[in-house]
Amino acid sequence: DKSVWVICNGEIYNFRELKKDLSRRHRFYTKTDVEVIVHLYEEYGTGCLEYLRGMFAFALWDERKNRLFLARDRLGQKPLYFLKNRDGFYFASEIKSFLKVPGFSKDINLSAINYYLVYQYIPSPMTIWQDVARLEPASYMLVDKSGGVKKRRYWEVDLRKKTSMSAP
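What counts and what doesn't
- Residues numbered from 1 in each chain as written.
- Predicted model: local features only at pLDDT ≥ 70, side-chain atom pairs only at ≥ 80, totals over all residues.
- Heavy atoms only, no water.
- Helix = DSSP H or I, 4+ residues; strand = E, 2+ residues; numbered from the N terminus.
- Buried < 20%, exposed > 50% of the residue type's maximum accessible area, 1.4 Å probe, protein only.
- Contact = heavy atoms within 4.5 Å.
- Areas by Shrake-Rupley, 256 points an atom, 1.4 Å probe, with all protein chains shown as cover.
- Polar contact = N/O pair within 3.5 Å; in protein donor to acceptor, adjacent residues only side chain to side chain.
- Salt bridge = Lys/Arg side-chain N within 4 Å of Asp/Glu carboxyl O.
- Pairing = 2+ DSSP bridges.
- Axes fitted to C-alpha atoms, helices over the stretch in contact; angles between N-to-C directions.
- Core = buried A, V, L, I, M, F, W, Y, C linked by side-chain atoms within 4.5 Å.

Student: A description of the overall build of the protein chain should follow, citing residues and the corresponding values.
Tutor: Looking only at helices and strands, the protein chain has three helices and eight strands in total. Counting over 168 residues, the protein chain shows a buried share of 40%. Pairs at least 24 apart in sequence give 43% of the contacts found in the protein chain among residues at least 6 apart. Accessible area for the protein chain stands at about 10,900 Å²; split by element, carbon and sulfur atoms hold 52% of it.

Student: For the side chain of Ser-139, give the residues involved together with the corresponding values.
Tutor: Residue position: Ser-139 is located in strand 7 (residues 139-144). Filtering out sequence-adjacent residues up to four positions away, Ser-139 remains in contact with Leu-70, Ala-71, Arg-72, Arg-152, Arg-153 and Tyr-154.

Student: Give me the lowdown on the environment of Ser-124, citing residues and values where you can.
Tutor: Along the chain, Ser-124 turns up in the loop between helix 3 (110-119) and strand 6 (132-134). We classify Ser-124 as partly exposed; its relative accessible area is 28%. Separated by 110 residues in the primary sequence, Ser-124 and Asn-14 have C-alpha atoms spaced 27 Å apart. With near-sequence residues (within four places) excluded, Ser-124 lies in contact with Arg-72, Arg-134, Glu-136 and Pro-137. Side-chain polar atoms of Ser-124 contact the side chain of Arg-134, separated by 2.9 Å.

Student: Describe the pattern of salt bridges, and please don't skip the residues or the numbers.
Tutor: Under the counting rule described, the total for this entry stands at seven salt bridges. Residues Asp-1 and Arg-64 are paired through a salt bridge, measuring 2.1 Å at the closest nitrogen-oxygen approach. Remark: Arg-64 occurs in the loop between strand 2 (54-62) and strand 3 (67-72) and Asp-1 occurs in the segment before strand 1 (4-12); sequence separation between them is 63 residues. Salt bridges linked by common partners bring Asp-21, Arg-24, Arg-25 and Glu-43 together as one network.

Student: Go over the sheet that holds strand 3 with me, naming the residues and quoting the values.
Tutor: The strand order across the open sheet built from five strands is 1-2-3-7-8, with neighbouring strands paired in antiparallel fashion. Each of the sheet's edge strands pairs with one partner strand only, and the pair in question is strand 1 and strand 8 (149-153). For this sheet the average axis-to-axis angle between neighbouring strands, irrespective of direction, equals 10°. Across five bridges, strand 3 lies against strand 7 in antiparallel orientation. Bridge assignment links Leu-70 to a residue of strand 7, and that residue is Met-141. Its contacts with the sheet put helix 2 (residues 35-44) on strand 1, strand 2 and strand 3, and the angle it makes with strand 1 is roughly 125°.

Student: Can you break down the side chain of Arg-74 residue by residue, with the values?
Tutor: Topologically, Arg-74 is positioned in the loop between strand 3 and strand 4 (81-85). Polar contacts involving the side chain of Arg-74 include one to the main-chain carbonyl oxygen of Glu-50, which spans 3.4 Å.

Student: Can you explain helix 2? Please cite residues and give values.
Tutor: When you tally the buried positions in helix 2, you get seven out of ten residues, the bulk of the element. Along helix 2, the positions that sit buried rather than exposed are Glu-35, Val-36, Ile-37, Val-38, His-39, Leu-40 and Tyr-41. Contact partners of the buried residues in helix 2: strand 1, helix 1 (15-22), strand 2 and strand 3. Directly beyond the C-terminal end of helix 2, a positive phi value near 60° is found at Gly-45.

Student: Quick rundown of the nonpolar core? Include the residues and the values.
Tutor: In terms of nonpolar packing, the biggest core is built from 24 residues, with Ile-12, Val-36, Leu-49, Leu-52, Phe-58 and Phe-69 touching the most fellow members. Every element with two or more residues in this core is listed here: strand 1, helix 1, helix 2, strand 2, strand 3 and strand 7. Looking at this core element by element, the count peaks at five residues for helix 2. Leaving out residues up to four positions away in the same chain, Leu-52 has contacts with Ile-12, Asn-14, Leu-18, Val-36, Ile-37, Leu-40, Phe-58 and Arg-74.

Printed below as a string of structure tokens:
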């Protein structure tokens, strides 16, 4: 009904199986893998992430709830950056996109510099810029129209399971 919109960087590997099931209850307008996200969200809300297999970062606008739903794949293969300032909330898959945001502050995050010099990378959620953060892998964020933000992790590796392996 065009009340849910999605943009995605990535690929949903299991979309054919998901689409087969969802086609019984939903009308598909495209042949793309990304459209399954819309219909899974309509059925399961943020729980749709449990069904997705792939590498992705997406933003979904829910017109009825007036909220933005941002999510990143379990291993964080696709990036998703965000900035919240007095002018609004911005997100992008490339950090250089924020250079186009009016009034963007290019203040350097000194802690990020320290991490980079020691470990050769900057750990999430930090970025090189003070005001820009990265959504962490296996996490999602809800942003309401008034600017309220909630972040949650939706998946963790279970390290308690033991696997027995034998040499050939």
